Amino acid sequence: AQSVAQPEDQVNVAEGNPLTVKCTYSVSGNPYLFWYVQYPNRGLQFLLKYITGDNLVKGSYGFEAEFNKSQTSFHLKKPSALVSDSALYFCAVRERLDMRFGAGTRLTVKP
Amino acid sequence: SAVISQKPSRDICQRGTSLTIQCQVDSQVTMMFWYRQQPGQSLTLIATANQGSEATYESGFVIDKFPISRPNLTFSTLTVSNMSPEDSSIYLCSVEGQGVGNTIYFGEGSWLTVV
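Quantities reported herein were computed from a predicted structural model and do not represent experimental measurements.

Draft legend 1. Representation of the overall build of chain A in the model. The helix and strand inventory of chain A stands at zero helices and twelve strands. Ordered by position from the N terminus, the helices and strands of chain A form the series β-β-β-β-β-β-β-β-β-β-β-β. For chain A, the C-alpha radius of gyration of 13 Å lies close to 13 Å, the compact-globule estimate for 111 residues. Viewed in the frame of its principal axes, chain A has a C-alpha envelope of about 40 × 30 × 20 Å. By the burial criterion, 47% of the 111 residues in chain A qualify as buried. Excluding contacts between residues fewer than 6 apart, the proportion of contacts in chain A whose partners are at least 24 apart in sequence is 55%. For chain A, the accessible surface area stands at approximately 5,300 Å², while carbon and sulfur atoms represent 49% of it. Taken together, the 12 basic and 9 acidic charged side chains of chain A have centroids lying 4 Å from each other.

Right, dumping it as structure tokens:
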């Protein structure tokens, strides 16, 4: 069965600095990989996904993620963080009908 | 992406009572999913609901505790029965989008507190 790990519970960055939220995965076949964001008191919002093709995927709100097959990683990145990016971020992997979520990483962007 | 509406958005429930959460989608979808997010935790799939068939429950979840209805392609309900404080969670309805690597889209969630 597939699994996904987010090794950091918390990431703190200063506004304007680049941010990275890490995700590694394990699947038996080709992965479908996703990032979601959860703002306070809100549901999950889809940010981006990797299916196939270009390893760099661009998504909403200026976020992007890089698929690295050899390292089985799918890290979320943004060149310049905003205070409004502070939220809980979930990585997810889907194999057929089954979708598994990571534990989540709380991103705090300080002014 | 689909627009998913959940009711209630938030509720405080008495121990031992049951609450039904409604999920309405603005388009017809084949697969709907119900997730639970306990405080400070990630998401756990409760069950998958397809129209015209019984819901499929994940390990650790049973129909008697979480009965689900799926009467048509745009609507589903999840009931949390005989609630205890351990059931205090966010319950999220989600649907599968179209296309390759179908994205799962979520509603805003129903935030339940059991006292």
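On we go.
Draft legend 2. Main features of the layout of surface pockets. Considering only enclosed or pocket space, the largest pocket measures out at about 390 Å³ in volume. Around the largest pocket sit 24 residues that line it, and Q38 and R106 of chain A together with Q37, G40 and I90 of chain B are the ones nearest its centre. Of all elements in the fold, only β10 (87-95) of chain A together with β9 (89-96) and β11 (110-114) of chain B reach the threshold of two or more residues within the lining of the largest pocket. Per-class residue counts for the lining of the largest pocket are nine nonpolar, eleven polar and four charged. The computed volume of the second largest pocket comes to approximately 230 Å³. Those elements giving two or more residues to the lining of the second largest pocket turn out to be β6 (44-50) of chain A together with β10 (104-106) of chain B. Element by element, the count of residues in the lining of the second largest pocket is highest for β6 of chain A, at three residues. Looking at the lining of the second largest pocket, its residues break down into eight nonpolar, five polar and one charged.

Draft legend 3. Spotlight on the sheet that holds strand β8 (residues 75-80) of chain B. Residue and element names in this part refer to chain B. Read from one edge to the other, the open sheet built from four strands follows the order β1-β3-β8-β7, with strand pairing classed as antiparallel. Two strands bound the open sheet, and with one partner strand each, they are β1 (4-7) and β7 (68-72). Across the sheet, the mean angle from the axis of one strand to that of its neighbour is 15 degrees, orientation sign disregarded. Summarising the sheet, strand β3 (residues 19-25) and β8 pair through six bridges and their orientation is antiparallel. Within the sheet, the bridge partner assigned to C23 lies in β8 and is S76.

Draft legend 4. Structural detail: the interface of chain B and chain A. Taken together, the contact between chain B and chain A spans 21 residues of the former and 19 residues of the latter. Together chain B and chain A conceal approximately 1,600 Å² of surface at their shared face, both sides included; 53% is due to carbon and sulfur atoms. Ranking the residues of chain B by area buried against chain A places T103, F106 and E108 of chain B at the top, with a combined share of 25%. Run the count over chain B and chain A and you get two salt bridges. For the pair chain B and chain A, the interface holds eight residue pairs in polar contact (both at pLDDT 80 or more). Elements supplying a minimum of two residues to the side of chain B that touches chain A: β4 (31-37), β9 and β10 of chain B. Element by element, the count of residues in the side of chain B that touches chain A is highest for β4 of chain B, at four residues.

Draft legend 5. The arrangement of the side chain of E95 of chain A in detail. Residues and elements named next belong to chain A. With respect to the secondary-structure elements, E95 resides in strand β10. There is a polar contact of 2.7 Å between the side chain of E95 and the side chain of S28. Among the polar contacts listed, one links the side chain of E95 to the backbone nitrogen of G29, at a separation of 3.1 Å. Discounting residues that sit within four places of it in the chain, E95 has contacts with Q2, V27, S28 and G29.

Parameters and conventions
- Residues numbered from 1 in each chain as written.
- Chains lettered and ligands numbered in written order.
- Predicted model: local features only at pLDDT ≥ 70, side-chain atom pairs only at ≥ 80, totals over all residues.
- Heavy atoms only, no water.
- Helix = DSSP H or I, 4+ residues; strand = E, 2+ residues; numbered from the N terminus.
- Rg over C-alpha atoms; globule rule 2.2 N^0.38 Å.
- Buried < 20%, exposed > 50% of the residue type's maximum accessible area, 1.4 Å probe, protein only.
- Contact = heavy atoms within 4.5 Å.
- Areas by Shrake-Rupley, 256 points an atom, 1.4 Å probe, with all protein chains shown as cover.
- Lys, Arg positive; Asp, Glu negative; His and termini not counted.
- Charge placed at Lys NZ, Arg CZ, Asp CG, Glu CD.
- 1 Å grid on protein atoms, 1.4 Å probe; cavity = no way out; pocket = protein on both sides within 12 Å on 5 of 7 lines; lining within 4 Å.
- Points joined across faces, edges and corners; volume = space filled by probe spheres on them.
- Nonpolar A, V, L, I, M, F, W, Y, C, P; charged D, E, K, R; others polar.
- Pairing = 2+ DSSP bridges.
- Axes fitted to C-alpha atoms, helices over the stretch in contact; angles between N-to-C directions.
- Buried area = accessible area lost by both parts, 1.4 Å probe.
- Salt bridge = Lys/Arg side-chain N within 4 Å of Asp/Glu carboxyl O.
- Polar contact = N/O pair within 3.5 Å; in protein donor to acceptor, adjacent residues only side chain to side chain.

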